[in-house]
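Listed here are the chains, written in short residue letters.
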Amino acid sequence: MQFLRSLGPAVARAPPTEAIRAGIGACVGLGLTGLLILSPVVDLELGLYLVAPFGASSVLLFAVPNSPLAQPFSAIVGNTVAALVGVAVCLILTDPLTRIALGVGLAIVATILCRAVHPPAGAVAMTAAMSPEAMANLGFWFALAPIGIGTASLVVLAAIYARLTGRRYPFRQFDEPNRHGTADAEPPERLGLSEDELTAILERYRQSFNLGVEDLARLIGAAELQAASHRTGPLVAADLMSRNLITVRPDTPLIEVADLFRRHRFTSLPVVDEEGVFLGVIFQIHLILRAQEDAARLQRGFVPALKRLVDRRRDQPVRASDIMSVAGPRATQDTPMGLLLAMMADGEVDAVPVLDYGRIAGIVTRTDMMAALARGVVRGE
């Protein structure tokens with residue numbers, strides 16, 4: 001049974017939207033690279049401008065951009081070095097089997113020594129070794145175009161596409177400033193472990209090719225948050241949430257929203273429709289940011305701009321729907337406390353709405369979480 005299970009999928013199930021996102025990215029990346037970048041500089045008669053290894057590189061760059069094997073240095077240097085090796089072997093040896101096997105083997109050695117392991121590099125060397133006529137015409141130019149320029153183009157397009165679709169590429173660096181621009185690590189990543197210690201863990205378990213230091217820190221932090229939920233007992237959202245909620249409608253004027261925040265001292269207000277269906281949530285910071293934006297417009301605007309702003313406000317006053325967040329995390333009454341901790345640990349939200357078939361059933365705030373953790377500490381759990 002264990003053997004049969006080992007033959008099954010080793011990769012966690014991914015949502016269809018992520019599969020579509022990666023597929024569209026690879027399609028766009030290869031299309032633009034071939035059409036705009038390589039076709040003007042490569043001899044199209046040889047047919048070597050969108051080589052097969054670019055397809056393998058696209059899988060890494062667009063589908064698993066967090067992999068160390070997909071990072072810009074690994075991709076560009078790895079493919080280019082492998083191309084140089086493949087061309088050299090092809091020009092020296094005449095036996096097809098020998099030059100293919102030796103080319104791939106030497107490419108693996110060279111990319112490892114260059115700290116630029118990129119699996120498609122083996123296919124780059126193989127492509128060169130299998131194309132003696134093309135290599136005789138292109139020579140080492142093959143390493144620059146199409147390989148070097150083409151890989152660099154895919155890397156740039158992958159970085160742009162990741163930013164446009166809410167992903168991160170290249171991956172985060174361990175000492176990168178946090179979202180607030182300060183040098184502190186993000187809250188889930190404050191482990192008390194140095195970069196060297198995390199690197200040593202990866203090397204000890206031979207995972208350097210599979211995981212970056214920053215991602216390891218994030219995983220350890222997530223595991224600690226999950227473990228913290230065990231210490232507080234099997235609490236779920238229903239045990240923590242506030243049920244007697246103050247809500248607003250999407251057409252509630254902003255002045256009324258601000259008054260509710262002032263009177264009740266909330267940090268968040270759910271927005272629901274006439275039937276109680278949850279539409280979004282307004283955080284207090286949204287009001288502050290909106291006020292700052294309006295003040296900035298007034299300071300730098302001229303009289304005509306000010307008149308247009310006043311006219312627009314008179315005709316269409318700002319309402320709750322204009323500033324509410326619709327993309328934040330959501331929970332059900334059975335959501336474990338550990339998952340709620342993870343949702344709020346990065347500082348993006350101050351509260352998580354709890355839904356019951358689309359309707360708002362309650363809300364869990366940071367204060368609720370801190371109270372539960374404090375009770376656990378007092379009880380010695």
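Every value quoted in this text rests on a predicted model; they were computed, and no experiment measured them.

Enquirer: Explain the overall build of the protein chain to me, using residue names and the numbers behind them.
Expert: When helices and strands are counted, the protein chain shows 17 helices and four strands. Across the 381 residues of the protein chain, 39% fall into the buried class. Accessible surface, the protein chain as shown: approximately 21,900 Å² in total, 61% of it carbon and sulfur.

Enquirer: Can you tell me about the nonpolar core, naming the residues and giving the values?
Expert: Within soluble globular proteins, side chains that are nonpolar tend to cluster in buried spots. Residues Leu61, Met135, Phe142 and Ile147 are the most contacted members of the largest nonpolar core, which totals 34 residues. Listing elements by their share of this core, those giving two or more residues are helix 2 (16-38), helix 3 (53-63), helix 4 (72-92), helix 5 (96-113), helix 6 (120-129), helix 7 (132-138) and helix 8 (141-164). With residues up to four places along the chain from it excluded, the contact list for leucine 61 reads Ala70, Ala75, Leu154, Val155, Ala158 and Tyr169. Counting 24 residues, the second-largest nonpolar core is a separate cluster that includes Leu240, Leu340, Met343 and Ala361.

Enquirer: Account for helix 4, naming residues and giving values.
Expert: Helical geometry note: an α-helix holds 3.6 residues per turn, so side chains three or four residues apart project in the same direction. Under the 1.5 Å per step criterion, the end-to-end length of helix 4 is 30 Å for 21 residues, consistent within 8% with the ideal 30 Å. Of the residues making up helix 4, those classed as buried are Ser74, Ala75, Gly78, Asn79, Val81, Ala82, Ala83, Val85, Gly86, Val87, Val89 and Cys90. In the core, the buried residues of helix 4 are packed alongside helix 3, helix 5, helix 6, helix 7 and helix 8.

Enquirer: Can you break down the pairing of strand 1 (residues 268-272) residue by residue, with the values?
Expert: Side chains on a regular strand alternate between the two faces of the sheet. The buried count for strand 1 comes to five of five residues, which makes it a mostly enclosed element. Burial of the side chains of strand 1 extends over both faces: Ser268, Pro270 and Val272 are buried on one face and Leu269 and Val271 on the other. The pairing of strand 1 with strand 2 (residues 278-283) spans five bridges and is antiparallel. Each residue of the ladder has a partner; that of valine 271, found in strand 2, is glycine 280. The turn linking strand 1 back onto strand 2 is made up of five residues, and glycine 276 within it adopts a positive phi angle of 85 degrees.

Enquirer: Outline empty space enclosed by the protein, listing residues and values.
Expert: Applying the stated criterion across every chain, the model contains one cavity of 30 Å³ or more. What the largest cavity holds in volume is close to 60 Å³. Lining the largest cavity we find 13 residues, and of these Phe278, Val281, Ser325, Gly328 and Pro329 sit closest to its centre. Of all the secondary-structure elements, those providing two or more residues to the lining of the largest cavity are strand 2 and strand 3 (351-356).

Enquirer: Residues and numbers for the packing of aromatic side chains, please.
Expert: On inspection of all chains with the given rule, the structure shows one aromatic pair. Considering the side-chain rings of phenylalanine 62 and tyrosine 161, the 6.0 Å spacing of their centres and the 70 degrees angle between planes classify their relative orientation as edge-to-face. Of this pair, phenylalanine 62 sits in helix 3 while tyrosine 161 sits in helix 8; the two residues are 99 residues apart in sequence, bridging distant segments of the chain. Given the relative accessible area of 2%, phenylalanine 62 is considered buried. Judged by its relative accessible area of 15%, tyrosine 161 falls in the buried class.

Enquirer: So what's going on with a nonpolar patch on the surface? Which residues, and what values?
Expert: On the surface, Ile20, Ile24, Val28, Leu32, Leu35, Leu36 and Ile37 cluster together to form a nonpolar patch covering roughly 620 Å² of accessible area. Residue placement: valine 28 occurs in helix 2. Among the residues examined, valine 28 registers a relative accessible area of 39% and is labelled partly exposed.

Enquirer: Quick one: what's the story with the confidence of the model for the protein chain, residue by residue and with numbers?
Expert: Residues of the protein chain with pLDDT of at least 70 account for 79%, and the chain-wide mean is 82. Averaged over each element, pLDDT in the protein chain is lowest for helix 14 (residues 303-315) (50) and highest for helix 4 (97).

Enquirer: Mind laying out the side chain of serine 74, listing which residues take part and the relevant values?
Expert: With respect to the element layout, serine 74 can be found in helix 4. Overall, serine 74 belongs to the buried group, its relative accessible area being 8%. The residues contacting serine 74, other than those within four sequence positions of it, are Pro68, Leu69, Asn79, Arg115, Ala116, Val117 and His118.

Enquirer: An account of the side chain of threonine 335 is requested, with residue identities and associated values reported.
Expert: Inspection of the secondary structure assignment puts threonine 335 in the loop between helix 15 (320-323) and helix 16 (337-345). Within the structure, the side chain of threonine 335 is placed 2.9 Å from the backbone nitrogen of threonine 332, a separation counted as a polar contact. Ignoring any residue separated from it by four or fewer positions in sequence, one finds threonine 335 in contact with Leu235, Val236, Ala237, Leu340 and Met343.

Enquirer: Would you mind going over the pattern of salt bridges in detail, with residue names and values included?
Expert: Under the counting rule described, the total for this entry stands at five salt bridges. Where aspartate 259 meets arginine 262, a salt bridge forms, and the shortest distance between an N and an O atom there is 2.5 Å. Remark: arginine 262 and aspartate 259 occur in helix 12 (residues 254-264); sequence separation between them is three residues, near one turn of the helix. Relative accessible area serves as the criterion here: at 58%, arginine 262 is assigned to the exposed category. The closest approach of N and O atoms between aspartate 350 and arginine 366, which form a salt bridge, is 3.0 Å. In this pair, aspartate 350 is assigned in the loop between helix 16 and strand 3 and arginine 366 in helix 17 (residues 366-379), connecting sequence segments 16 residues apart. Salt bridges here are not isolated pairs; linked through shared partners, they connect Glu18, Arg21 and Arg167.

Parameters and conventions
- Residues numbered from 1 in each chain as written.
- Predicted model: local features only at pLDDT ≥ 70, side-chain atom pairs only at ≥ 80, totals over all residues.
- Heavy atoms only, no water.
- Helix = DSSP H or I, 4+ residues; strand = E, 2+ residues; numbered from the N terminus.
- Buried < 20%, exposed > 50% of the residue type's maximum accessible area, 1.4 Å probe, protein only.
- Areas by Shrake-Rupley, 256 points an atom, 1.4 Å probe, with all protein chains shown as cover.
- Core = buried A, V, L, I, M, F, W, Y, C linked by side-chain atoms within 4.5 Å.
- Contact = heavy atoms within 4.5 Å.
- Expected span 1.5 Å × (residues − 1).
- Pairing = 2+ DSSP bridges.
- 1 Å grid on protein atoms, 1.4 Å probe; cavity = no way out; pocket = protein on both sides within 12 Å on 5 of 7 lines; lining within 4 Å.
- Points joined across faces, edges and corners; volume = space filled by probe spheres on them.
- Phe/Tyr/Trp six-rings, centres within 6.5 Å; stacked < 30°, edge-to-face > 60°.
- Patch = residues over 30% accessible without salt bridge, like charges linked within 9 Å, V, L, I, M, F, W, Y side chains within 5 Å.
- Salt bridge = Lys/Arg side-chain N within 4 Å of Asp/Glu carboxyl O.
- pLDDT = per-residue confidence, 0-100.
- Polar contact = N/O pair within 3.5 Å; in protein donor to acceptor, adjacent residues only side chain to side chain.

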